[in-house]
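The lines below spell out each chain.
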Amino acid sequence: MMAETQEKQQGLREHYEEGVKLHTELKSMSTSTEGYEEKRLKALHHFKKSSELVRELSVFSSNEEYSEHSAASLKYVLTSAYTADLITMTKVITDDPERNQRRLRTLENAKTYKVEFLELCISLSIRDAKSLAKYIEMKPGARLDRDVKLATMKGTKAAETTLKELTDKMASVKSHEIDDDEDIGREHVLAMINLWIYKICNLLEICMREVDMLTHIVSKEAEKPQSPSQSQRSQEAERTPSKPITLTKADIERMSRTGESINRADFKLINRGYGPIGAPTMTLDEFADQEMLKAAEASARQAQEPVEDENDDSDAKADAATYKARAWDEFKDNVRRGDGNRYNMG
């Protein structure tokens with residue numbers, strides 16, 4: 001029994017460390033990079049195995065607090081956070097006709113792990129329930145106040161600074177510059193958890209906004225008549241085009257004698273399957289849905305950008321305006337009006 005437990009603990013360490021390594025590599029890769037999706041799925045497998053082993057070994061229980069755990073076990077709190085982030089990083093295939101439905105399922109799946117992470121932090125008394133309740137209970141389309149966003153932004157910056165300082169201390173521990181201290185290890189893990197709490201809260205808000213937009217688009221798609229699938233369109237494009245009508249001089253002379261005319265619909269443009277020049281490529285509803293999806297993606301990108309505090313640079317702007325006005329006054333004192341206007345122009 002003891003040997004089996006030790007084997008599971010070893011497996012937990014290996015799966016978790018390999019998952020963190022792959023996640024770090026993915027953060028520096030583009031979704032279009034070859035092997036991206038394969039690496040993402042591999043990392044996701046390691047973290048899901050870690051979650052299974054955490055439950056089997058009962059690493060965390062409902063009546064424990066984080067202070068009762070060592071750094072070695074406390075780091076596994078992040079398993080759900082990493083899993084949620086990897087699910088959100090799923091590559092979106094733009095030419096997939098069901099991409100909106102797939103993305104919606106992906107976001108809902110990721111939300112489950114995000115909430116699981118926040119609830120575990122509350123259970124271990126890392127954070128109080130009141131500060132995280134608004135994120136756990138957040139509904140699609142919900143928006144937070146500006147003050148809350150600013151507080152989250154400042155908290156994220158402070159957490160990043162603290163984590164960097166503790167990372168430097170950990171490097172000193174490993175290089176034996178200072179005595180090995182278990183407390184530094186625990187503080188380092190807690191700083192990582194604290195930073196991930198801010199990240200997950202921010203991602204939850206973005207996720208709920210995107211879910212609201214996609215839900216609207218998917219419901220509209222369900223209401224309108226089904227359009228030909230992408231595969232059907234591809235097959236039609238690959239068909240051999242009809243033989244075009246060729247007008248000869250004899251045809252024109254015959255038509256002038258008999259008064260015969262030609263139906264313009266019989267003329268077909270030789271093309272590569274894109275349709276006649278000027279023909280619409282999508283319906284108005286499809287165009288509206290496409291624009292709404294672009295707006296949702298732009299909103300998500302904007303939400304990830306840090307919110308600037310309007311009061312931070314007010315003094316700098318005032319100083320800049322003062323210096324500019326002062327320089328202009330000095331210029332007018334030193335340069336007479338009309339200097340350099342040798343041709344009396346203007």
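Use the structure listed above.
Residues numbered from 1 in each chain as written. Predicted model: local features only at pLDDT ≥ 70, side-chain atom pairs only at ≥ 80, totals over all residues. Heavy atoms only, no water.

A.B. asks: Explain the overall build of the protein here, please?
C.D. replies: In terms of regular secondary structure, the protein is built from twelve helices and zero strands. Starting at the N terminus, the α and β elements of the protein follow one another as α-α-α-α-α-α-α-α-α-α-α-α. A buried classification covers 31% of the 346 residues belonging to the protein. Sequence-distant contacts, at least 24 apart, represent 75% of the contacts inside the protein between residues at least 6 apart. Accessible area for the protein stands at about 23700 Å²; split by element, carbon and sulfur atoms hold 50% of it. (Helix = DSSP H or I, 4+ residues; strand = E, 2+ residues; numbered from the N terminus. Buried < 20%, exposed > 50% of the residue type's maximum accessible area, 1.4 Å probe, protein only. Contact = heavy atoms within 4.5 Å. Areas by Shrake-Rupley, 256 points an atom, 1.4 Å probe, with all protein chains shown as cover.)

A.B. asks: Help me understand the packing of aromatic side chains in this model?
C.D. replies: Any pair of aromatic rings gets described here by the distance separating the centres and the angle formed by the planes. The final tally for this structure, using the stated rule, is five aromatic pairs. For the pair Tyr-16 and Phe-47, a centre-to-centre distance of 5.9 Å together with 85° between the ring planes defines the contact as edge-to-face. Note that Tyr-16 is positioned in helix α1 (residues 2-27) and Phe-47 in helix α2 (residues 36-56), a separation of 31 residues in sequence. On the basis of relative accessible area, Tyr-16 is assigned to the buried category, the value being 5%. We classify Phe-47 as buried; its relative accessible area is 0%. An aromatic cluster of at least three residues, connected via ring pairs, comprises Tyr-16, Phe-47, Tyr-76, Tyr-82 and Trp-196. (Phe/Tyr/Trp six-rings, centres within 6.5 Å; stacked < 30°, edge-to-face > 60°.)

A.B. asks: It is not clear to me how the pattern of salt bridges should be interpreted in this structure. Could you clarify?
C.D. replies: For the coordinates displayed, the defined rule picks out 13 salt bridges. Measuring nitrogen to oxygen at the nearest pair gives 3.2 Å for the salt bridge that ties Lys-8 to Glu-56. One end of the pair, Lys-8, is in helix α1; the other, Glu-56, is in helix α2, with 48 residues separating them in the sequence. In this structure, Lys-164 engages Asp-168 in a salt bridge whose closest nitrogen and oxygen atoms are separated by 3.7 Å. One end of the pair is Lys-164 and the other is Asp-168, both in helix α7 (residues 146-174) and four residues apart, which spans about a single turn. Its relative accessible area of 55% is what places Lys-164 among the exposed residues. Asp-168 sits in the partly exposed class, given a relative accessible area of 43%. Connected through shared salt-bridge partners, Glu-4, Lys-8 and Glu-56 make up one network. (Salt bridge = Lys/Arg side-chain N within 4 Å of Asp/Glu carboxyl O.)

A.B. asks: In this structure, what is going on with the nonpolar core? I would like to understand it.
C.D. replies: In globular proteins that are soluble, nonpolar side chains generally tend to be buried together. One finds Val-77, Phe-117, Leu-118, Ile-193, Ile-197 and Ile-200 to be the most contacted residues of the largest nonpolar core, which totals 54 residues. When residues of this core are traced back to their parent elements, those giving at least two are α1, α2, α3 (71-74), α4 (79-88), α5 (99-123), α6 (129-136) and α8 (182-223). If we skip the residues at most four places from it in the chain, Val-77 touches Phe-60, Phe-117, Leu-120, Cys-121, Leu-124 and Ile-193. The next biggest cluster of nonpolar side chains, apart from the first, holds six residues, and it includes Ala-159, Leu-166, Ala-191 and Leu-195. (Core = buried A, V, L, I, M, F, W, Y, C linked by side-chain atoms within 4.5 Å.)

A.B. asks: It is not clear to me how the packing of α5 against α6 should be interpreted in this structure. Could you clarify?
C.D. replies: For any two helices packed against each other, the geometry is given by the interaxial angle and the distance between the axes. Put simply, α5 and α6 touch, their axes get as near as 10 Å, and they point 170° apart. Classified by the interaxial angle, the pair formed by α5 and α6 is roughly antiparallel. With respect to the hand of their crossing, α5 and α6 are arranged in left-handed fashion. In this structure, α5 uses Val-115, Leu-118, Glu-119 and Ile-122 to contact α6, whose residues at the interface are Ala-129, Leu-132, Tyr-135 and Ile-136. Residue composition of the contact of α5 with α6, grouped by class: seven nonpolar, no polar and one charged. (Axes fitted to C-alpha atoms, helices over the stretch in contact; angles between N-to-C directions. Parallel < 35°, antiparallel > 145°, perpendicular 65-115°, else oblique. Left-handed = near helix turned anticlockwise from the far one by under 90°. Nonpolar A, V, L, I, M, F, W, Y, C, P; charged D, E, K, R; others polar.)

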